[in-house]
Amino acid sequence: MERISKEEALAHFKSADLLDLGEKADLVREALHPEGMVTFVVDRNINYTNVCINQCRFCAFYRDAESPDAYVLSEEELFKKIEETIALEGTQILIQGGLHPNLGLDYYTALLKSIKARFEINVHGFSPPEVCYLAKKHNLTVRETIQILKDAGLDSIPGGGAEILSDRVREVLSPKKIKSGEWLRVMEEAHGLGMRTTATMMFGSVEAPEDIIEHLDAIRSLQDRTRGFTAFIPWSFQPGNTELSRDNVGLQGSIRPATAIDYLRVLALARLYLDNVRNVQASWVTQGLKLAQVALRFGANDFGSTMIEENVVRAAGVSYVVSKEDIIAAIKAAGFEAAQRNTYYSIIRKF
Amino acid sequence: MMLRVISDRIKGGGRLSYEEAVGLFKNDDIFGIGRVAAEAAERKNGKKAYFIVNRHINPTNICVNRCKFCAFSRSKDEEGCFELTIDQILERLSSVHGVSEVHIVGGLHPDWPFEHYITMISAIRQKFPLLNIKAFTAVEIDYFSRISGRGLEEVLTKLKESGLQIMPGGGAEIFAEGIRNQLCPEKISGERWREVMEVAHHVGIKTNATMLYGHLETFEDRVDHLFKLRDLQDKTGGFQAFISLAYHPKNTEIGGFYSSGIDDLKTIAMSRLILDNFDHIKAYWIMLGEKISQTALLFGADDLDGTIIEEKITHMAGAMTGEGMTREDLIYLIRKAGKTAVERDGLYNEIWKG
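Predicted, not measured: the structure shown is a model, and the values here were computed from it.

Chemist: Describe the environment of Ile-292 of chain B, naming the residues involved and giving the relevant values.
Modeler: On the secondary structure map, Ile-292 of chain B appears in helix α12 (residues 285–296). By the C-beta count within 10 Å, which is 28 here, Ile-292 of chain B ends up buried. In the structure, Ile-292 of chain B is positioned 27 residues away from Leu-265 of chain B in sequence and 7.3 Å away in space, judged by C-alpha atoms. Once you skip the residues sitting within four places of it in the chain, Ile-292 of chain B turns out to touch Lys-290 and Leu-291 of chain A together with Gly-261, Asp-264 and Leu-265 of chain B.

If you want it as structure tokens, here you go:
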């Protein structure tokens with residue numbers, strides 16, 4: 001099938017009938033995953049600290065180091081969380097945190113080594129902003145930093161912090177966060193070192209349709225070179241308790257969450273555009289189970305994580321209490337076979 | 001292929017057969033079905049999608065019926081039971097502005113006489129002469145008839161004279177007898193529900209119709225239900241809107257799972273296609289959630305219902321939706337679906353468009 005150009009994608013985004021777009025995306029999903037299976041990973045999202053110097057305007061989670069509810073997780077708490085994850089048949093921990101001014105590379109390597117010494121679990125951790133922060137702090141290259149983390153036990157890198165890969169938007173949303181080029185650079189270096197990563201996109205804030213296409217194109221171009229992305233995960237900005245929604249940066253009227261129809265459109269378009277990324281995740285955490293089921297017919301083939309713990313989105317006022325059984329039932333009710341996978345999308349067990 | 005034939009026939013004013021409807025329900029082509037349903041909706045209502053600023057009042061949750069799928073009802077003296085006085089009802093209605101309709105449904109109270117309901121409706125009508133009063137499901141009407149010893153026509157005429165204009169469509173559940181007996185053995189039969197509606201239409205009360213799905217029923221049961229509604233509507237023309245109600249499994253005796261979002265959308269689309277004599281198909285956001293309701297506007301629905309201040313019945317069964325949406329929220333959702341937002345009153349008169 002011929003590739004969609006940026007111009008075509010933009011035209012689709014602005015004016016295509018959503019059912020037509022969804023149907024096309026559904027056909028692509030079916031061609032890539034003809035077995036009719038929808039996967040999920042059992043993992044725990046562990047936020048080792050909420051202290052962050054970046055202070056992004058769309059984030060409700062970060063605190064100053066002096067804030068009374070600032071924290072850094074103790075080893076004891078961390079190990080307990082991992083033990084619980086393994087007890088729940090979890091295969092992965094997603095470990096991410098703020099950019100804490102007092103935590104250096106030794107903290108990270110010690111953390112990774114202590115986990116790997118005790119547990120057999122995939123450590124999916126430290127998104128590009130964290131990697132870049134450490135590189136800068138220690139005057140290392142991105143590649144050297146990733147190599148050190150990898151040697152200490154880091155298995156794969158999550159795609160967080162991509163937000164929208166358009167510096168115009170980043171200037172408004174997260175002026176202190178790494179720029180698009182740096183995010184892509186971390187991913188390229190990680191892929192070069194043989195690590196797999198995911199790619200995300202947070203839409204529904206202040207971006208224009210062109211920015212979304214720009215983002216998809218950046219991912220597709222990099223993937224053409226490296227083939228290192230396992231999955232693409234679009235999710236929508238959740239405006240509760242954030243500076244962005246309080247200030248209405250550059251917008252008339254308040255920022256409303258992206259609607260279901262916006263979400264399905266972005267998802268379907270992503271499935272069509274990212275012809276070289278095998279998996280697209282539905283985000284039940286931001287969309288709820290019912291729309292996530294619909295998303296399985298608009299291009300998604302993966303239900304993401306069971307999210308044993310999710311702090312960041314919950315801080316923005318969204319929380320769905322969902323068990324692994326709920327996720328399996330939801331996948332089956334949507335007409336698919338449900339299977340637990342690992343970080344690399346290998347099937348562990350079918351339900 | 002089959003869809004193409006059906007689509008052409010519907011465009012020419014033809015109808016779906018029972019077999020075709022069952023076939024489509026079992027068909028996986030949600031895009032094709034959605035498209036044909038959306039076209040049918042557009043022929044009826046253009047690009048319009050309606051909403052209403054309304055208020056729900058539940059006068060009591062004390063109920064002699066205790067249906068198995070209901071998490072709202074209580075017995076008398078049970079913890080959590082409540083009853084509102086007529087003054088409290090009037091007070092609640094006074095506390096909100098810009099409301100065009102009140103929606104009143106409640107339990108079958110063991111002690112309140114029929115006259116109490118007449119007094120309730122008359123008092124609301126007297127204090128709020130312009131408010132649309134939508135009240136009492138067929139189940140309550142049947143109960144009034146039994147406790148008062150009056151016939152349906154007399155009960156309904158008296159309520160209408162007191163000020164009742166519209167009846168909600170609740171209590172239809174699913175007509176199929178076997179399933180109905182498992183779900184709600186104490187409740188009136190499907191036949192009796194339709195009888196009440198027929199008499200209501202006859203005395204000049206407009207009503208809605210509903211179907212509760214996603215519990216124990218088959219697709220055949222759903223089609224049977226929708227065809228019975230279509231037949232009655234052919235006879236009376238008194239139904240305003242159809243509302244498919246997704247079953248909520250939490251806190252009920254039947255248990256089970258939530259219907260899938262895909263099933264919700266398909267059921268909306270199928271109801272639009274089968275109920276060709278209904279003007280409106282409602283995607284009731286309190287039941288479906290705002291996300292599926294908005295998406296349903298592309299699958300044949302033309303109404304999101306209301307701002308709904310205070311909704312207890314669904315939330316006690318584990319609805320994950322918020323308890324209220326503002327007028328602006330509803331307009332935003334409709335516009336983002338590419339439709340024209342129309343605020344309506346209880347009788348689908350247009351109040352505002354934009």
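Chemist: How would you explain the interface of chain A and chain B if you had to name every residue and give the values?
Modeler: On the chain B side, the residues contacting the 23 residues of chain A number 22 residues. Among the secondary structure elements, those contributing two or more residues to the side of chain A that touches chain B are α2 (18–32), α11 (260–273), α12 (284–295) and α14 (324–333) of chain A. Top element by residues in the side of chain A that touches chain B is α12 of chain A. It accounts for six residues. Class assignment for the residues of the side of chain A that touches chain B results in 12 nonpolar, six polar and five charged.

Chemist: Break down the sheet that holds strand β1 (residues 37–41) of chain A for me, with residues and values.
Modeler: All names here are of chain A. The strand order across the open sheet formed by four strands is β9-β1-β10-β11, and the pairing between neighbours is mixed. Either end of the sheet is taken by a strand with one partner, and the two such strands are β9 (302–305) and β11 (347–350). Neighbour to neighbour, the strand axes of the sheet diverge by 25° on average, direction disregarded. Across two bridges, the pairing between β1 and β9 is parallel. Counted as the bridge partner of Val-41 is Ser-305 from β9.

Chemist: Kindly report on the pairing of strand β10 (residues 337–341) of chain A, identifying the contributing residues and their values.
Modeler: Residue and element names in this part refer to chain A. Most of β10 is tucked away: four of the five residues are buried. As paired elements, β1 and β10 share five bridges and run parallel to each other. Bridged to Thr-39 within β10 is Ala-339. Here β10 pairs with β11 via three bridges, running antiparallel.

About the thresholds
- Residues numbered from 1 in each chain as written.
- Chains lettered and ligands numbered in written order.
- Predicted model: local features only at pLDDT ≥ 70, side-chain atom pairs only at ≥ 80, totals over all residues.
- Helix = DSSP H or I, 4+ residues; strand = E, 2+ residues; numbered from the N terminus.
- Buried ≥ 20, exposed ≤ 12 C-beta atoms within 10 Å, placed from the backbone.
- Contact = placed C-beta atoms within 7 Å.
- Nonpolar A, V, L, I, M, F, W, Y, C, P; charged D, E, K, R; others polar.
- Pairing = 2+ DSSP bridges.
- Axes fitted to C-alpha atoms, helices over the stretch in contact; angles between N-to-C directions.

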